[in-house]
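# Structure assessment
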Amino acid sequence: MTFNSDFLWGGAVAAHQIEGAWNVDGKGMSTADVLTAGTYQIPRRITDGILPSEHYPNHEAIDFYHRYKEDLQLFHELGLKAFRTSINWTRIFPNGDDETPNEVGLQFYDSLFDECLRLGIEPVITLSHFEIPYNIYQKYGGFKNKAVIDLFVRFSETVMKRYKNKVKYWMTFNEINNQADAHDILVWTNSAVQFSQGDNKEEIVFQAAINELIASAKVVALGHQINPDFKIGCMMAYVPIYPATSKPEDQMAALKMMDRRFFYSDVHARGVVPSYIEHLWKQKRYSIELSDEERRILKNGTVDYIGFSYYMSGTVTTNSTSQGMPVDVYPNAAIVKNNYVQASDWGWQIDPVGLRYILNVAYERYNLPLFIVENGLGAYDKVDSDGRIRDQYRCEYLKNHIDQMRLAVEEDGVELLGYTPWGIIDIVSFGTGEMEKRYGMIYVDKDNQGDGTLERKKKDSFHWYQKVIATNGQDLTITSINP
Ligand code: P53
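Note that the structure is predicted; figures quoted are calculated from it, not measured.

A few words now on the overall build of the protein chain. In terms of helices and strands, the protein chain carries 14 helices and 16 strands. The C-alpha atoms of the protein chain give a radius of gyration of 21 Å, which matches the 23 Å a tight globule of 483 residues would have. Taken over the C-alpha atoms alone, the protein chain extends approximately 65 × 55 × 50 Å along its principal axes. Looking at the protein chain as a whole, 60% of its 483 residues are labelled buried.

See below:
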């Protein structure tokens, strides 16, 4: 058998993309609650508080808050052994700096985890998945402020103590490296930071990121005291970057781009700031506040495993006439299309071999267990007149990735804890705010305008994945599903 009998076949979501009930039972406003809907072409916007004229897709999402029992029943039928979700910080501390936690919020996750355990589903919990109390932005300016470190630690300590006998697998910050290029929305969701005119964005992101890494290290150390059996990981967006050609400069550009991303897992896993980043800070005269005491904290809070998302690879060229999207890491570097792979309807390059590649690179780099906590295809689905959703393309995407994951384990000896495909049930897309960029194996009747009955329906991929789990990944054939 390729996969151990305790391999965590699962599914993944995040609280703000699924729960809805954004202002129910004492929940506070979060950074996700002020994000409008967008599309592939039109970016989501961050509004100044909640405006009555705007549609905020996360406010209702798929109403998991009220329907989790029914949904977990479906997950159970699917055979999930693990369910990755996040705890919404604002259900526990509505303002982030409240004196005492909100008991009703704590009870919600008690019931959710109890129900998971009753059904034999291991909860895998992200502490911060793109939702930070809005008050932390307003009052503190987000994670660039050191005061926020201990607010996050207090939230984490509260939930780790409360759920210490219910949750074993934790992750601190979702896709912490997603802010590496300092895009406004990604910095907002990762760090609750907004830029002002004249800001050095890169320097600010480094400061916010270092503060998050310190917060994460504190939580890892504390978590191990709360329960020595806890497995606490980081969570990275691994998008391997390939050189467009064998031109040496292309290779250098790819290396430089990867460094900017690896910086985060290097600190998480090794407990020190890598020399290439220390050097960059000096060279650019950045004054990043990081005391000796904080360096000790980083050293003492290294993670137990590397959790990561994998959707696509990227390609970089240094050909000055490429017309690609410029990246400021190497002369003439720009992101271009890779002609060897196909892309999704949202332009994400589909590259199963890239998963095996990054599994190898990450395992060689850190020698820690890996956990694929997101992978999947965002696609338009159609309900046929007979009520079926024939999402063969989704099965193919997943099959091709599982094939490569198997090779990484079998041929390359990578240690892998589990696989939790993204959006196991249709949810609000993070990047675009659309409902119709669907990842699920369970369809949810709701459209981009927010209309629909919220009824759940099994897609063809549901039956396929059910068989994959039941055979512990041995039978990946697609043809036989639900004829
Ligand atoms: P959506 C970029 C690159 C890789 C993963 O994304 C990313 C992003 C941000 O869009 O985000 C992760 O919904 C994230 C999830 C998100 C999922 O990928 O934009 O952890 O919250 O929903 C898929 O298609």
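Moving on, we get to the pairing of strand 3 (residues 122-128). In terms of burial, strand 3 is a largely internal element, six of the seven residues being buried. Taken together, the five bridges between strand 2 (residues 82-86) and strand 3 define a ladder with parallel strand orientation. Each bridged residue has a counterpart across the sheet, and for Phe 83 the counterpart in strand 3 is Pro 123. Here four bridges tie strand 3 to strand 4 (residues 169-173), and the two strands are oriented parallel to one another. Note on strand 4: the bridge partner recorded for Val 124 is Tyr 169.

The next subject is the sheet that holds strand 3. Around the barrel, which closes on itself, the eight strands sit in the order 1-2-3-4-5-7-13-14 with parallel pairing between neighbours. Ignoring which end each strand starts from, the neighbouring axes of this sheet average 30° apart.

With that out of the way, let us pick up the nonpolar core. By size, the foremost hydrophobic cluster in this structure holds 142 residues, and its most contacted members are Trp 170, Phe 263, Trp 281 and Tyr 465. Top element by residues in this core is helix 8 (residues 201-226). It accounts for 13 residues. Setting aside residues no more than four positions away along its own chain, Tyr 465 makes contact with Trp 9, Gly 10, Leu 78, Leu 80, Tyr 419, Pro 421, Ile 424 and Met 441.

Our next topic: the pattern of salt bridges. The final tally for this structure, using the stated rule, is 39 salt bridges. We note a salt bridge from Glu 374 to Arg 84, for which the minimum N-O separation is 2.9 Å. A residue pair is termed long-range when its members are at least 10 positions apart, and Glu 374 in strand 13 (residues 370-374) and Arg 84 in strand 2 qualify at 290 residues. Under the relative-accessibility criterion, Glu 374 is labelled buried at 4%.

This part covers unusual backbone geometry. Here Asp 25, not a glycine, exhibits a phi torsion of approximately 55°, which is positive. Here Asp 25 lies in the loop between helix 1 (15-18) and helix 2 (64-78). The phi angle at Ala 182 is positive, at roughly 60°, despite the residue not being glycine. Relative to the assigned elements, Ala 182 resides in the loop between strand 4 and helix 7 (184-191).

Evaluation of the coordinates by the stated rule reveals 39 aromatic pairs. Ring centres 5.0 Å apart and planes at 40° place the aromatic pair Phe 75 and Phe 83 in the tilted group. Considered together, Phe 75 and Phe 83 belong to a single accessibility category, that of buried residues. Seen from their ring centres, Phe 206 and Phe 263 are 5.5 Å apart, and the 70° between their planes marks the pair as edge-to-face.

Take the UniProt feature "active site" (unreviewed entry) in the protein chain next. The positions UniProt marks with the feature "active site" (unreviewed entry) are Glu 374. Excluding residues within four positions of it along the chain, Glu 374 makes contact with Arg 84, His 129, Asn 174, Glu 175, Met 235, Phe 308, Ser 309, Tyr 310, Tyr 311, Thr 420 and Trp 422.

Around the ligand, 16 residues are found, and the nearest of them are Glu 374, Phe 430, Gly 431, Lys 437 and Tyr 439. Here an oxygen atom of the ligand and a side-chain polar atom of His 129 are 2.9 Å apart. With the chains in place, 93% of the 480 Å² that the ligand exposes on its own is no longer accessible. The residue inventory of the shell around the ligand, partitioned by class, reads seven nonpolar, six polar and three charged.

Quick look at the sheet that holds strand 8 (residues 314-317) now. As summarised here, the arrangement of the four strands in space is 6-8-10-9, forming an open sheet in which the pairing is mixed. Among the strands making up the open sheet, the edge pair consists of strand 6 (241-243) and strand 9 (325-326). With two bridges joining them, strand 9 and strand 10 (residues 334-336) adopt antiparallel strand pairing. Pairing of Met 325 across the sheet is with Ile 335, part of strand 10. The sheet strands contacting helix 9 (residues 248-270) are strand 6, strand 8 and strand 10, and the helix crosses strand 6 at an angle near 165°.

Packing of helix 8 against helix 9 leaves a shortest axis separation of 10 Å and a crossing angle of 25°. Taken as axis vectors, helix 8 and helix 9 run roughly parallel relative to one another. Judged by the twist between their axes, the crossing of helix 8 over helix 9 is right-handed. Residues Glu 202, Val 205, Phe 206, Ala 209, Ile 210, Leu 213 and Ser 216 of helix 8 form the contact with helix 9, whose own contacting residues are Arg 260, Phe 263, Tyr 264, Val 267 and His 268.

Both faces of strand 8 are covered, namely the face carrying Gly 314 and Val 316 and the face carrying Thr 315 and Thr 317. Bridge count for strand 6 against strand 8 is three bridges, and the pairing is parallel. Residue pairing for strand 8: Tyr 242 is matched across the bridge by Thr 315. Relative to strand 10, strand 8 runs antiparallel, the two sharing three bridges. Pairing of Thr 315 across the sheet is with Val 336, part of strand 10.

Reading the values: the criteria
- Residues numbered from 1 in each chain as written.
- Predicted model: local features only at pLDDT ≥ 70, side-chain atom pairs only at ≥ 80, totals over all residues.
- Heavy atoms only, no water.
- Helix = DSSP H or I, 4+ residues; strand = E, 2+ residues; numbered from the N terminus.
- Rg over C-alpha atoms; globule rule 2.2 N^0.38 Å.
- Buried < 20%, exposed > 50% of the residue type's maximum accessible area, 1.4 Å probe, protein only.
- Pairing = 2+ DSSP bridges.
- Axes fitted to C-alpha atoms, helices over the stretch in contact; angles between N-to-C directions.
- Core = buried A, V, L, I, M, F, W, Y, C linked by side-chain atoms within 4.5 Å.
- Contact = heavy atoms within 4.5 Å.
- Salt bridge = Lys/Arg side-chain N within 4 Å of Asp/Glu carboxyl O.
- Phe/Tyr/Trp six-rings, centres within 6.5 Å; stacked < 30°, edge-to-face > 60°.
- UniProt positions renumbered as here; feature names shortened; annotations may be inferred.
- Near = heavy atom within 4 Å.
- Polar contact = N/O pair within 3.5 Å; in protein donor to acceptor, adjacent residues only side chain to side chain.
- Areas by Shrake-Rupley, 256 points an atom, 1.4 Å probe, with all protein chains shown as cover.
- Nonpolar A, V, L, I, M, F, W, Y, C, P; charged D, E, K, R; others polar.
- Parallel < 35°, antiparallel > 145°, perpendicular 65-115°, else oblique.
- Left-handed = near helix turned anticlockwise from the far one by under 90°.

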